Amino acid sequence: MSSLVIDEDLKAKAEICHGDEICRQKILELLKELELPNGLLPLEDVLELGIIRENSYVWVKQKKKKEHCFKKIAKLASYNTEVTAHFEKGKFKKMTGVKCKELLIWVNITEVYVDDSKAKLNFIGPGGMTRTFPISAFQNEEKQKTLDLLKELELPNGLLPLEDLIEVGIIRENGYVWLKQKKKKEHYFKKISKMVSYNTEVTAYCEKGKFKKMTGVKSKELLIWVTLTDMFVDDTNTKITFIGPGGLGRTFPVSAFQNEEK
């Protein structure tokens, strides 16, 4: 449970989830609900997320402290193993576990809020010290592009769980798409007990409900990594089929690759 002393009745009402993938998805959902930028909490190896809506309190626990550089503003932020805050629309307040580096000094951040223009984000430190930056500096635009593309193609939104995206591009004339991430990612799809590997660059030709001529994606079958070349959703929109070498196909429910949305 969070380090804050919480009334037992409130604890019982907490929404709690465990595991990196589901917790990071819930973080994105909360940021969207609060109309805060989706890259504001770039946590990794998340162990637990808890939300108590009755008093608007949230806590997040991650495996180890994370430092993240927001490149557009050249600012380094530090996120401790536990981050907590009270929240309301467009704001986190009474925060703990977040610091920003100013020159050679780490400064605690106690409040973050969006200004009336919806274009600026204000950070409050000790003694009311305020720094203001454009919201775009904290928006993970490449991640959003990936989600938008999957939605456009009517493919499940958890199909490409890539991290630290560097570039997402599409040539609409021929349907060619590429996605570049900082490092290779292995992801375990729990509902079907399958491990999938995504290389630093994933490419494909796309059309409604389908990726074909794919590169950079492999699925683990027993002890062997098998290259996937095509994937498509069937006419019922409930099954998705993956094609490997020699036309070998495996079919799974679409729901196994869908991150639930509120």
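Nothing here was measured: the structure is a model prediction, and the numbers come from that model. (Residues numbered from 1 in each chain as written. Predicted model: local features only at pLDDT ≥ 70, side-chain atom pairs only at ≥ 80, totals over all residues. Heavy atoms only, no water.)

**Observations concerning a nonpolar patch on the surface**
- Together, Leu103, Leu104 and Ile105 line one region of the surface with nonpolar side chains, adding up to about 430 Å² of accessible area.
- You can see Ile105 is positioned in strand β7 (residues 105–108). (Patch = residues over 30% accessible without salt bridge, like charges linked within 9 Å, V, L, I, M, F, W, Y side chains within 5 Å. Areas by Shrake-Rupley, 256 points an atom, 1.4 Å probe, with all protein chains shown as cover. Salt bridge = Lys/Arg side-chain N within 4 Å of Asp/Glu carboxyl O. Helix = DSSP H or I, 4+ residues; strand = E, 2+ residues; numbered from the N terminus.)

**What about the pattern of salt bridges?**
- One pass over the full model with this rule turns up 20 salt bridges.
- A salt bridge links Glu207 to Lys212; the nearest nitrogen and oxygen atoms lie 2.8 Å apart.
- Judged by relative accessible area, which is 33%, Glu207 ranks as partly exposed.
- One network of salt bridges, with partners in common, ties together Asp20, Arg24, Glu163 and Lys185. (Buried < 20%, exposed > 50% of the residue type's maximum accessible area, 1.4 Å probe, protein only.)

**So, the state of the cysteines**
- Overall, the coordinates contain 0 disulfides when judged by the stated rule.
- Just so you know, Cys17 is unpaired, no disulfide at all, and the nearest cysteine sulfur is the one on Cys23, 3.6 Å from it.
- For Cys17, a relative accessible area of 14% translates into the label buried. (Disulfide = S-S within 2.5 Å.)

**Details of helix α3 (residues 141–152)**
- Taking 1.5 Å of rise per residue, 12 residues should cover 16 Å, and α3 covers 16 Å from first to last C-alpha, within 8% of that figure.
- Taken residue by residue, α3 has Glu142, Lys143, Thr146, Leu149 and Leu150 as its buried positions. Mapping the buried residues of α3 onto a view down its axis gives an arc of 125°, with all of them on the same face.
- Buried residues in α3 make contact with β11 (165–171), β12 (176–181) and β15 (210–221). (Expected span 1.5 Å × (residues − 1). Arc of directions from axis to C-beta. Contact = heavy atoms within 4.5 Å.)

**Some details on the nonpolar core**
- By size, the foremost hydrophobic cluster in this structure holds 35 residues, and its most contacted members are Leu40, Phe92, Leu121 and Phe138.
- Broken down by secondary-structure element, the contributors of at least two residues to this core are α2 (20–33), β2 (46–52), β3 (57–62), β5 (75–88), β6 (91–102), β8 (111–114) and β9 (120–124).
- At 5 residues, β5 tops the list of elements feeding residues into this core.
- Val177, Ala204, Met214 and Phe242 belong to the second-largest nonpolar core, a separate cluster that totals 30 residues. (Core = buried A, V, L, I, M, F, W, Y, C linked by side-chain atoms within 4.5 Å.)

**Focus: α2**
- The terminal C-alpha atoms of α2, which comprises 14 residues, lie 20 Å apart, in line with the 20 Å expected from a rise of 1.5 Å per residue.
- Within α2, the full set of buried residues consists of Cys23, Arg24, Gln25, Ile27, Glu29, Leu30 and Leu31.
- In the core, the buried residues of α2 are packed alongside β1 (15–18), β2, β3, β5, β6 and β13 (185–189).
- Positive backbone phi, approximately 60°, marks Glu35, located one or two places after α2.

**Brief notes about the environment of Lys89**
- Mapping Lys89 onto the fold places it in the loop between β5 and β6.
- On a C-alpha basis, the gap between Lys89 and Glu44 in space is 24 Å, while along the polypeptide they are 45 residues apart.

**Topic: the side chain of Thr203**
- Following the sequence through the fold, Thr203 ends up in strand β14 (residues 194–207).
- Using a relative accessible area of 8% as the deciding quantity, one classes Thr203 as buried.
- A polar contact is formed between the side chain of Thr203 and the side chain of Thr215, at a distance of 2.5 Å.
- Apart from residues lying up to four places away in sequence, Thr203 is in contact with Tyr176, Val177, Trp178, Lys213, Met214 and Thr215. (Polar contact = N/O pair within 3.5 Å; in protein donor to acceptor, adjacent residues only side chain to side chain.)

**Some details on the environment of Leu30**
- Within the fold, Leu30 resides in helix α2.
- For Leu30, a relative accessible area of 5% corresponds to the buried category.
- It is 9.4 Å that separates the C-alpha atoms of Leu30 and Ile51, two residues lying 21 residues apart in sequence.
- With residues up to four places along the chain from it excluded, the contact list for Leu30 reads Ile51, Val58 and Phe87.

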